[in-house]
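# Understanding the architecture of this molecule
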Amino acid sequence: MKHVDVTDFRLTPGQILLNATVVGVIIFLCSMLGIWTRPSGLLAAFWPANAVLLGLFVRLPKLAHPLGWGAAFLGYLTADLITGMNWELSVFLTAGNFAGVAMGVFLFKQLAEKHRLLKQPLSIIYLILVTLAASVAAGIVGMAGFPYFFDGLAKDGFIYWFATEWANYLAILPVMLTLPRLRLGLIRLRRKQDCHLINLHQGLALLALILGMGLGVVIGGPGALAFLVPGLLWCALTYRLFTTALVILCSNIWVMLTISTGLLDLGVNVRDFLILESFRMGLALQSLAPLAVASVMNARNELVEQLRHLATHDSLTHILNRPGLYEKMQPELLSKKPYALLMCDIDHFKLVNDQYGHACGDLVLAEFAKRTSACLRESDIFARVGGEEFCILLTDCSHHIASDIADRICQACSNSPFQLNESIQIDVTVSIGLVYFDEQQSFSIEAILSLADEALYDAKESGRNCVVMNLASA
Ligand SMILES: Nc1nc2c(ncn2[C@@H]2O[C@H](COP(=O)(O)OP(=O)(O)OP(=O)(O)O)[C@@H](O)[C@H]2O)c(=O)[nH]1
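Residues numbered from 1 in each chain as written. Predicted model: local features only at pLDDT ≥ 70, side-chain atom pairs only at ≥ 80, totals over all residues. Heavy atoms only, no water.

Defined as follows: UniProt positions are given in the numbering used here, feature names are shortened, and annotations may be inferred rather than shown by experiment.
Going by an unreviewed UniProt entry, the protein carries the name diguanylate cyclase and comes from Methylophaga frappieri. Under the UniProt heading Catalytic activity (unreviewed entry), the note attached to the protein is "2 GTP = 3',3'-c-di-GMP + 2 diphosphate".

In structure tokens:
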């Protein structure tokens, strides 16, 4: 079945025009960068525009509107024409650029999103294959026009286009594909930890890479490229996928710059066209090893995170379970500010199970968790610690706030019946034992829970559907 991107239909003409303008401007700037960094025609190696266009169209498919393609065409053409190229040659070069990008967009569309975003180790193999095909497409156009425009052999045209495209795609695309949440050109970082200062381990990894770069320049020779490998691998084991891709791109640019300026002497004649192309591809392919390591680490970290979540959360109510609560009840958290612990137990819950069945009992538990969560503050910790027993840790609160919250939970249950399905409505009440601790007091987690259990027992004894509060004394 043909896949239709419904988001296309939601764009207004104004948005489509704005998107196209953004694409056109980005491609113009990238083309200018490529032209500007081309020293005396020989090392026109850094041509980011195609990889950036492909990355944009893969990450934001709504940009790949016919107007977006048209704007990209104008972006390429304008950069060429204002830097003195004749329009015939410019159209030929742009056709080569488009052939590669179109092939890449088509093939990436056939892949699952996890592979498009390089989230699985196998994604790196797909990246190699897709960019290989895109570079062959560009190479075929290059081969067709090379004899006419450059008076060279068609075979050389193919090699030149193919190698340059492949090296650029492999270096730049990983950065585009792993860029955290691209929204209108703004980067929204997913986790707080991304904003933290890099830690010592990450700093050392970067230092190892810089050392490798420096050693390569000092020692030189054909092995100099491999000096980057330890630093890159260390980065791959330490940084997130996007950061690793960025570090790889920067180190590749460094190598290309030091070679083109003569700072890095590989001991081979990089002015020889075939040696240069072989070198470019070797550099790009070498970068895939650390990228694959980073991708494996990414998949592993996501798996560990999923397992950790499963181990610390209750699958029925999606709140913390007992181990999750213990993990959060850090002694240092409990020693600094006054806090309260609420032990909640649904009244006569056994009757619900007996009368309506276990499945309805489960619905009551889930609804209780939902109603209770709505009564809590963001900082409160809520866990299911037994069958129909729930525990709430209220950090940094007065005993007034604690008893207010406990009353609110009781009312949230008793005020309106629980609607289990279209025909079943039941009245549910909850008993709550509350213990309040000021910051002077120090108790073990077990002692805290046991004191709350005693208060809960008193609440049950007092007739249920009520809160009993104990002020703990050390
Ligand atoms: N549906 C469902 N029932 C559970 C679950 N875990 C425990 N239970 C049931 O919860 C009931 C707990 O009953 P009791 O501990 O006797 O207490 P109660 O009926 O709530 O009475 P009081 O606490 O004295 O008001 C038992 O029938 C358990 O089988 C669960 O995950 N789902």
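## Concerning the site of the ligand
For the record, the criterion: A single heavy atom is enough: if one lies within 4 Å of a molecule or strand, its residue is considered near that molecule or strand. Here a polar contact is taken to be a pair of N or O atoms separated by no more than 3.5 Å, where protein atoms must pair a possible hydrogen donor with a possible acceptor and residues adjacent in sequence count only if both atoms sit in side chains. Throughout, the Shrake-Rupley method with a 1.4 Å probe supplies accessible areas, and for residues the shown protein chains are the sole cover considered. Helix and strand definitions follow DSSP, with helices as H or I runs of at least four residues and strands as E runs of at least two, each counted in order from the N terminus. Polar here means any residue other than Ala, Val, Leu, Ile, Met, Phe, Trp, Tyr, Cys and Pro, which are nonpolar, and Asp, Glu, Lys and Arg, which are charged; Gly is therefore polar.
Near the ligand, the surroundings consist of 16 residues, among which His348, Lys350, Asn353, Asp362 and Arg384 are the closest. Measuring from an oxygen atom of the ligand, one finds a backbone N or O atom of Ile346 at 3.2 Å. Lys460 has a polar side-chain atom sitting 2.9 Å from an oxygen atom of the ligand. Out of a free accessible area of 660 Å², the ligand has 66% covered by protein chains. Among the elements of the structure, β3 (339-346), α16 (349-356) and α17 (358-375) are those that each provide at least two residues to the shell around the ligand. Considering only residue class, the shell around the ligand consists of three nonpolar, five polar and eight charged.

## Some details on a negative patch on the surface
Selection criterion: Put simply, a patch holds well-exposed residues, over 30% relative accessible area, that have no salt bridge, with like charges counted together within 9 Å and Val, Leu, Ile, Met, Phe, Trp or Tyr side chains within 5 Å. Throughout this description, the term salt bridge denotes a Lys or Arg side-chain nitrogen within 4 Å of a carboxyl oxygen of Asp or Glu. The charge count treats Lys and Arg as positive and Asp and Glu as negative. His and the chain ends do not count. Charge coordinates come from a single atom per side chain, which is NZ of Lys, CZ of Arg, CG of Asp or CD of Glu. Burial classes follow relative accessibility: with a 1.4 Å probe on protein chains only, a residue under 20% of its type's maximum area counts as buried, one over 50% as exposed, and anything between as partly exposed.
Residues Asp453, Glu454, Asp458 and Glu461 make up a contiguous surface patch of negative charge. Along the chain, Asp458 turns up in helix α19 (residues 445-461). Given the relative accessible area of 33%, Asp458 is considered partly exposed.

## A look at the sheet that holds strand β9 (residues 467-471)
For clarity, the threshold we go by: Only when DSSP finds a minimum of two bridges between them are two strands counted as paired. Helix axes use the C-alpha atoms of the stretch in contact, all axes being lines fitted to C-alpha atoms, and the angles between their N-to-C directions lie in the range 0 to 180 degrees. Whether two residues touch is decided by their heavy atoms; if any such pair falls within 4.5 Å, the residues are in contact.
Overall, mixed pairing links the five strands, which are arranged β4-β5-β3-β8-β9 in an open sheet. Taken across any chain shown, the strands that pair with only one partner, and hence form the sheet edges, are β4 (381-384) and β9. Recorded for the sheet is a direction-independent mean angle of 15° between the axes of neighbouring strands. Sheet analysis places β4 next to strand β5 (residues 389-395), joined by four bridges and oriented antiparallel. Within β5, the position partnered with Arg384 by the bridge is Phe390. Across the face of the sheet, helix α18 (residues 399-414) comes into contact with β3, β5, β8 (430-437) and β9 while running at roughly 170° to β8. Packed onto the sheet, α19 meets β3, β5, β8 and β9 and runs at close to 140° relative to β8.

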